[in-house]
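Okay, here's what each chain looks like letter by letter:
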Amino acid sequence: MDKTIIYFDHAATTSTKKEVLDEMLPYFTQSFGNPSSIYNFAVSNKNAIDVARDQVAKAIGADEKEIFFTSGGTEADNWAIKGIAESYKAKGNHIITTSIEHHAVLHTCEYLAKNGYEITYLPVDSDGLINLDQLRSAIKDTTILITIMFANNEIGTVQDVEAIGKIAKEKGVIFHTDAVQAVGHLPIDVHAMNIDLLSMSGHKLYGPKGTGALYVKKGVKLKAFMHGGAQEKGRRAGTENVPGIVGLGKAIELATNHMEEESIRQAKLRDYLIGQVLDKIPYSRLNGHKVNRLPNNVNFSFQFIEGEALLIMLDLKGVSASSGSACTSGSLDPSHVLLAIGLPHEIAHGSLRITFGEKSTLEEVDYLIEILQGIVIRLREMSPLYDDFLEKQR
């Protein structure tokens, strides 16, 4: 391998594709007019936003009038949950979510819990899946929202979103899903899946950072999240980020056009890595469902080592990876997702997340397997826990 960086952290962020950047550039320097202005120079920018809105809508089976642009997935999650909570508070104050959501959802629910709302956190099994019967049982007369992520950002497990949507529809409850990791990787049809609100983010699919979108099904009441001007049909004030929106539209169009073949290719790399690591590195385990998982996601736990040390040593070898969500990378606590699937603290601390992208190759995966074996051996040699374990084995 050469000395270039091998990037295996596409769940954290992706580069912006050249085709996407090329679409964006004119709106920084040439077509820079404010889309809300009435002269022709600005109207062309409004048209560009409309094109992007249509591109996003087509990718998830929605109508363009159901797409609202945001600053990213976090804002979309906050808007969906807080907006529904406020809009439907006359009906009830109960919200159902899971214990493995992204912190954009969990912290929003914690905020609402401090303001009079009742939150039910559904547990997950050892693979990260919810129990649909438990979901049904959790719904009550005061339930106004179910918010469950499409695919987990850490362990890659994909929920049965269609079944969840069906239950929500039968019970007359609004269903929101954080699909930040799923859009562009998995087929999504919001109407067939009975999804009422869906969050997405551009920088997870080779679009720009700072741009996302929220799908809101026609007929769903949703309070404005930001107040000011009349942008986004009066629901999300603020001058539109035209370059970012154009970039998001192009990125999602490119991702969905090549999604099937690219998902198959990445899934082959994923399954190869899983098989090799579990076969060659003892006391390792795969986290998340083996089959119902994102095509580009692999998450391992290695006993008797610290994940932070593992990441540092991989970085020294030119490999960029993570132990979980980039949003919690500064925390010394083990992943809430790994604890939720039943891992003890000491094993949850030794986690490694590998997420592939469009340029990831088999050669890179083989290099990772080669160096990972040596790093794990070296770290275990330094571990008193491993020494104690070996002594007990003897």
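Summary of the structure given here. Computed from a predicted structure; not experimentally measured.

**What about the overall build of the protein?**
Turning to step 1, where the next piece is worked out: From N to C terminus, the protein includes 14 helices and 12 strands.
Turning to step 2, where the next piece is worked out: Seen through its principal axes, the protein has C-alpha atoms that stretch 75 × 55 × 35 Å.
Turning to step 3, where the next piece is worked out: Relative to its 394 residues, the protein shows a buried fraction of 56%.
Turning to step 4, where the next piece is worked out: Considering only intrachain contacts with a sequence separation of at least 6, the fraction spanning at least 24 residues in the protein is 74%.
Turning to step 5, where the next piece is worked out: Per element, the accessible surface of the protein, about 17500 Å² overall, is 52% carbon and sulfur.
Turning to step 6, where the next piece is worked out: Measuring between centres, the 40 positive side-chain charges of the protein sit 4 Å from its 49 negative side-chain charges.

**Here's the deal with the sheet that holds strand 7 (residues 197-201)**
Turning to step 1, where the next piece is worked out: Spatially, the seven strands line up as an open sheet ordered 2-8-7-6-5-3-4, and their pairing is mixed. Looking at strand neighbours, the two that pair on one side only are strand 2 (67-70) and strand 4 (118-122), the edges of this open sheet. Taking each pair of neighbouring strands and ignoring which way they run, the sheet shows an average axis angle of 20 degrees.
Turning to step 2, where the next piece is worked out: In terms of strand pairing, strand 7 meets strand 8 (residues 212-216) through five bridges, oriented antiparallel. Bridged to Met200 within strand 8 is Ala213.

**Digging into the packing of helix 10 (residues 307-316) against helix 13 (residues 362-381)**
Turning to step 1, where the next piece is worked out: One can describe the packing of helix 10 onto helix 13 by two numbers: an axis separation of 10 Å at closest approach and a directional angle of 135 degrees. When the interaxial angle is binned, helix 10 and helix 13 end up oblique. Helix 10 and helix 13 meet at a crossing whose hand is right-handed. Two secondary-structure elements touch here, helix 10 through Ala309, Leu310, Met313 and Leu314 and helix 13 through Leu368, Ile371, Leu372, Ile375, Arg378 and Leu379.
Turning to step 2, where the next piece is worked out: Split into classes, the residues belonging to the contact of helix 10 with helix 13 amount to nine nonpolar, no polar and one charged.

**Quick word on helix 7 (residues 161-171)**
Turning to step 1, where the next piece is worked out: Turning to helix 7, its buried residues are Val161, Ala163, Ile164, Gly165, Ile167 and Ala168.
Turning to step 2, where the next piece is worked out: Just past helix 7, the residue Gly172 takes up positive phi, approximately 70 degrees.

**Focus: helix 4 (residues 73-87)**
Turning to step 1, where the next piece is worked out: Look at helix 4: 21 Å from first C-alpha to last across 15 residues, which is about the 21 Å you get at 1.5 Å a residue.
Turning to step 2, where the next piece is worked out: Burial within helix 4 is extensive, with 12 of its 15 residues counted as buried.
Turning to step 3, where the next piece is worked out: For helix 4, every residue scored as buried is listed here: Gly73, Glu75, Ala76, Asp77, Asn78, Trp79, Ala80, Ile81, Gly83, Ile84, Ala85 and Ser87.

**Comments concerning the sheet that holds strand 12 (residues 351-355)**
In a beta sheet, neighbouring strands are held together by backbone hydrogen bonds and run either parallel or antiparallel to one another.
Turning to step 1, where the next piece is worked out: Here we have three strands laid out as an open sheet, ordered 9-10-12, and antiparallel in their pairing. Because the sheet does not close on itself, it has two edges, and the strands there are strand 9 (284-286) and strand 12. Taken pair by pair, the neighbouring strands of this sheet meet at an average axis angle of 25 degrees, ignoring direction.
Turning to step 2, where the next piece is worked out: Pairing analysis gives five bridges linking strand 10 (residues 297-302) to strand 12, with the strands arranged antiparallel. Note on strand 12: the bridge partner recorded for Ser301 is Ser351.
Turning to step 3, where the next piece is worked out: Here helix 9 (residues 259-280) sits on the sheet and contacts strand 9, strand 10 and strand 12; the angle it forms with strand 10, its principal contact strand, is near 15 degrees.

**What about the pairing of strand 3 (residues 94-98)?**
Turning to step 1, where the next piece is worked out: With five of five residues buried, strand 3 is to be regarded as a mostly interior element.
Turning to step 2, where the next piece is worked out: Here strand 3 shows two buried faces, one formed by His94, Ile96 and Thr98 and the other by Ile95 and Thr97.
Turning to step 3, where the next piece is worked out: As paired elements, strand 3 and strand 4 share five bridges and run parallel to each other. Following the sheet pairing, Thr98 is matched in strand 4 by Leu122.
Turning to step 4, where the next piece is worked out: Note that the unit made of strand 3, helix 5 (residues 103-113) and strand 4 has a crossover that is right-handed.

**Here's the deal with the packing of aromatic side chains**
Turning to step 1, where the next piece is worked out: Applying the stated criterion across every chain, the model contains four aromatic pairs.
Turning to step 2, where the next piece is worked out: With 5.4 Å between their ring centres and 80 degrees between their planes, Phe8 and Phe356 make a pair best called edge-to-face. Taken together, the positions of Phe8 in the loop between strand 1 (6-7) and helix 1 (18-24) and Phe356 in the loop between strand 12 and helix 13 put the pair 348 residues apart, joining distant regions of the chain.
Turning to step 3, where the next piece is worked out: You can call Phe8 buried: its relative accessible area is 0%.
Turning to step 4, where the next piece is worked out: In this structure Phe356 comes out as buried when scored by relative accessible area, which is 1%.
Turning to step 5, where the next piece is worked out: Where Phe68 meets Trp79, the ring centres are 5.9 Å apart and the plane angle is 75 degrees; that geometry is what we call edge-to-face. Taken together, the positions of Phe68 in strand 2 and Trp79 in helix 4 put the pair 11 residues apart, joining distant regions of the chain. Comparing Phe68 with Trp79 shows no difference in burial state: the two are buried.
Turning to step 6, where the next piece is worked out: Across the ring face of Tyr111, the terminal group of Lys82 is positioned such that the distance to the ring centre comes to 4.7 Å.
Turning to step 7, where the next piece is worked out: Its end group placed over the ring of Tyr88, Lys221 keeps NZ or CZ at 4.9 Å from the ring centre.

What counts as what
- Residues numbered from 1 in each chain as written.
- Predicted model: local features only at pLDDT ≥ 70, side-chain atom pairs only at ≥ 80, totals over all residues.
- Heavy atoms only, no water.
- Helix = DSSP H or I, 4+ residues; strand = E, 2+ residues; numbered from the N terminus.
- Buried < 20%, exposed > 50% of the residue type's maximum accessible area, 1.4 Å probe, protein only.
- Contact = heavy atoms within 4.5 Å.
- Areas by Shrake-Rupley, 256 points an atom, 1.4 Å probe, with all protein chains shown as cover.
- Lys, Arg positive; Asp, Glu negative; His and termini not counted.
- Charge placed at Lys NZ, Arg CZ, Asp CG, Glu CD.
- Pairing = 2+ DSSP bridges.
- Axes fitted to C-alpha atoms, helices over the stretch in contact; angles between N-to-C directions.
- Parallel < 35°, antiparallel > 145°, perpendicular 65-115°, else oblique.
- Left-handed = near helix turned anticlockwise from the far one by under 90°.
- Nonpolar A, V, L, I, M, F, W, Y, C, P; charged D, E, K, R; others polar.
- Expected span 1.5 Å × (residues − 1).
- Right-handed = clockwise from strand over helix to strand, strands pointing away.
- Phe/Tyr/Trp six-rings, centres within 6.5 Å; stacked < 30°, edge-to-face > 60°.
- Lys NZ or Arg CZ within 6 Å of the ring centre and 35° of its normal.

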